[in-house]
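Architecture and fold: a report
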Amino acid sequence: MFTLLAAAVPDPQRNAPAALTDKIDLVLGIAAWVGTAAGVAGVLVTGAMMAISVKRGESSEHMSRLGMVLGGCVLVATAGPLVQFVFN
C-alpha cells in the first residue's frame, strides 16, 4: 500500500585547500580576539557609566546594558564550540 523511498544521507568530504583553511583560521582567530576585547571594553565602559551615574545621583538602565554586554560576551565565547557541535 505504501512505498518508502529512502536513500542514505550524503556525507561529503572536506576538500578545501590547506592554504585557504589556514587563512580562514587566522581571520576567525583575529575576530575572536576582537570580540573578546570588545566585550571587556563594554564591561569597563558600562561600569564607568554606572559609577558616574551613582555619583551624580541619577538612575539609569545600566543593568540592562550590562546584561546585553554580558550576553554578547557569552555569544562570542560560545560561537566556536556551538558551530563545532552542530557540524560534527
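Residues numbered from 1 in each chain as written. Predicted model: local features only at pLDDT ≥ 70, side-chain atom pairs only at ≥ 80, totals over all residues. Heavy atoms only, no water.

Estimated volume of the largest pocket: approximately 200 Å³. Broken down by secondary-structure element, the contributors of at least two residues to the lining of the largest pocket are α1 (18–56) and α2 (62–87). Looking at the lining of the largest pocket element by element, the count peaks at four residues for α2. Each residue belonging to the lining of the largest pocket can be placed in one class, and the counts come to five nonpolar, one polar and no charged. (1 Å grid on protein atoms, 1.4 Å probe; cavity = no way out; pocket = protein on both sides within 12 Å on 5 of 7 lines; lining within 4 Å. Points joined across faces, edges and corners; volume = space filled by probe spheres on them. Helix = DSSP H or I, 4+ residues; strand = E, 2+ residues; numbered from the N terminus. Nonpolar A, V, L, I, M, F, W, Y, C, P; charged D, E, K, R; others polar.)

A few words on the environment of D11. With respect to the element layout, D11 can be found in the segment before α1. Taking C-alpha positions, D11 is 48 Å from H62, a pair spaced 51 residues apart along the chain.

Keep in mind these values describe shape, not function.
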